[in-house]
Structure formats: C-alpha cells, structure tokens
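Residue-level structure breakdown
The residues making up each chain are set out below.
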Amino acid sequence: MMLSYLKIAGKNYPLSFSLGAQKAIAAKYGGMKILDAFTDDDVTVENIDMLVWMTELFIAQGCAYKNYFEKDMPIPDDSPVDKDGKWIPISAEAIEIGITNLEGLQDVVRAIAICIAASSNQEIETEPTEDAVKNIEAAQSK
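Residues numbered from 1 in each chain as written. Predicted model: local features only at pLDDT ≥ 70, side-chain atom pairs only at ≥ 80, totals over all residues. Heavy atoms only, no water.

1. Comments concerning the environment of Ser18
Position of Ser18 among the secondary structure elements: in the loop between strand S2 (11-15) and helix H1 (19-29). In this structure Ser18 comes out as buried when scored by relative accessible area, which is 10%. Between the alpha carbons of Ser18 and Leu3 there is a distance of 9.6 Å; along the sequence they are 15 residues apart. (Helix = DSSP H or I, 4+ residues; strand = E, 2+ residues; numbered from the N terminus. Buried < 20%, exposed > 50% of the residue type's maximum accessible area, 1.4 Å probe, protein only.)

2. What about the pairing of S2?
Relative to S2, strand S1 (residues 4-8) is paired through five bridges, and the arrangement is antiparallel. If you follow Leu6 over to S2, its bridge partner there is Tyr13. Counting the residues that bridge the hairpin from S1 to S2 gives two residues, and of these Ala9 lies at a positive phi of roughly 50°. (Pairing = 2+ DSSP bridges.)

3. A closer look at the pattern of salt bridges
Applying the stated rule across the entire model yields four salt bridges. Note that Lys66 is salt-bridged to Glu70, the shortest N-O span being 2.7 Å. Glu70 matches Lys66 in its accessibility class, with the two residues each being buried. Between Lys83 and Asp84 there is a salt bridge, and its shortest N-O distance comes to 3.9 Å. For the pair formed by Lys83 and Asp84, the shared burial category is exposed. (Salt bridge = Lys/Arg side-chain N within 4 Å of Asp/Glu carboxyl O.)

4. Overview of the side chain of Lys66
Here Lys66 shows up in helix H2 (residues 45-69). Exposure remark for Lys66: the relative accessible area of 9% places this residue in the buried category. Separated by 2.9 Å, the side chains of Lys66 and Tyr5 make a polar contact. For Lys66, the side chain forms a polar contact with the side chain of Glu70, separated by 2.7 Å. (Polar contact = N/O pair within 3.5 Å; in protein donor to acceptor, adjacent residues only side chain to side chain.)

5. What to know about the environment of Glu96
With respect to the helices and strands, Glu96 occurs in helix H3 (residues 92-98). Not counting the four nearest positions on each side in its chain, Glu96 is found in contact with Asp49 and Val52. (Contact = heavy atoms within 4.5 Å.)

6. Examining the packing of H2 against helix H4 (residues 102-120)
Packing of H2 against H4 leaves a shortest axis separation of 11 Å and a crossing angle of 50°. If you check the angle between H2 and H4, you find them oblique. Crossing hand, H2 versus H4: left-handed. On H4, the residues touching Ile48, Leu51, Met54, Thr55 and Phe58 of H2 are Leu105, Val108, Val109, Ile112, Cys115 and Ile116. Residues belonging to the contact of H2 with H4 are distributed by class as follows: ten nonpolar, one polar and no charged. (Axes fitted to C-alpha atoms, helices over the stretch in contact; angles between N-to-C directions. Parallel < 35°, antiparallel > 145°, perpendicular 65-115°, else oblique. Left-handed = near helix turned anticlockwise from the far one by under 90°. Nonpolar A, V, L, I, M, F, W, Y, C, P; charged D, E, K, R; others polar.)

Written as structure tokens, this is what we have:
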C-alpha cells in the first residue's frame, strides 16, 4: 500500500486512504462526493472540521497499517511511536493545535490529495484458492 505522510508538530504521521477510510467517509457524508470540497478555496468551519476529521481518520488508518503490516520495518526518528515501536495516531484536538496557520491547512489538503492519488495506484495481487480453481475448471468443462 502506498502511504503518504504529514508532519505535525515535528512528527511525521502516515496517512492511508484505505477501504476502512472510504467506508467511514461514505457513512459520515453519504458518499465520496464530499472529497470535491478539497478544491474549494473557501475556508469555513465546516470545511476545516471535515479536513481535521479526515486527517484524523487517514492517520489512524495509516498507523493501523504500519502496526499490522510494517511492524518489523525500521522506524524513522520523527515517527509517532511508543516505546514498543507501536505507531500512535493523533487526535483531532491535537491536529487543530498542531496546525498553526492557513499554510498548514494547505499542507493538510495536499497530503490528503496525495494519499488519495497514491491509493488509486495500488496494485493488488491475488492468487486463486485450490477450491476456486476446481470450481472454474468444473464450470468450463460443462
């Protein structure tokens, strides 16, 4: 999976536009069309709240990915990890405190856009199970 990163208060947080993130966005906003708001230059409370919520979500998914699938990989010094090497997501409140100006908000928008674009380039490798192969062969022989 391609992860992107966002530096907040000196820590480099991983972001993931995973299936879980997409499901949460669809549940909260009724679909993925809400992502069109990222092209809007209008800074409103609603847009900031949406960006902070999505940033928290993408970081939580990124940290979960690191903890599940990359726990044996080297950890850079600026990573948000505990003493055991577990990646720790940042809260919405800490995101709002750690991003101190509109330039930082633009960095968030860019990081989310990069994260979404990176996920669309993901390659998934699959191998059919033995039962699936038998079912396909049986269906083709009829």
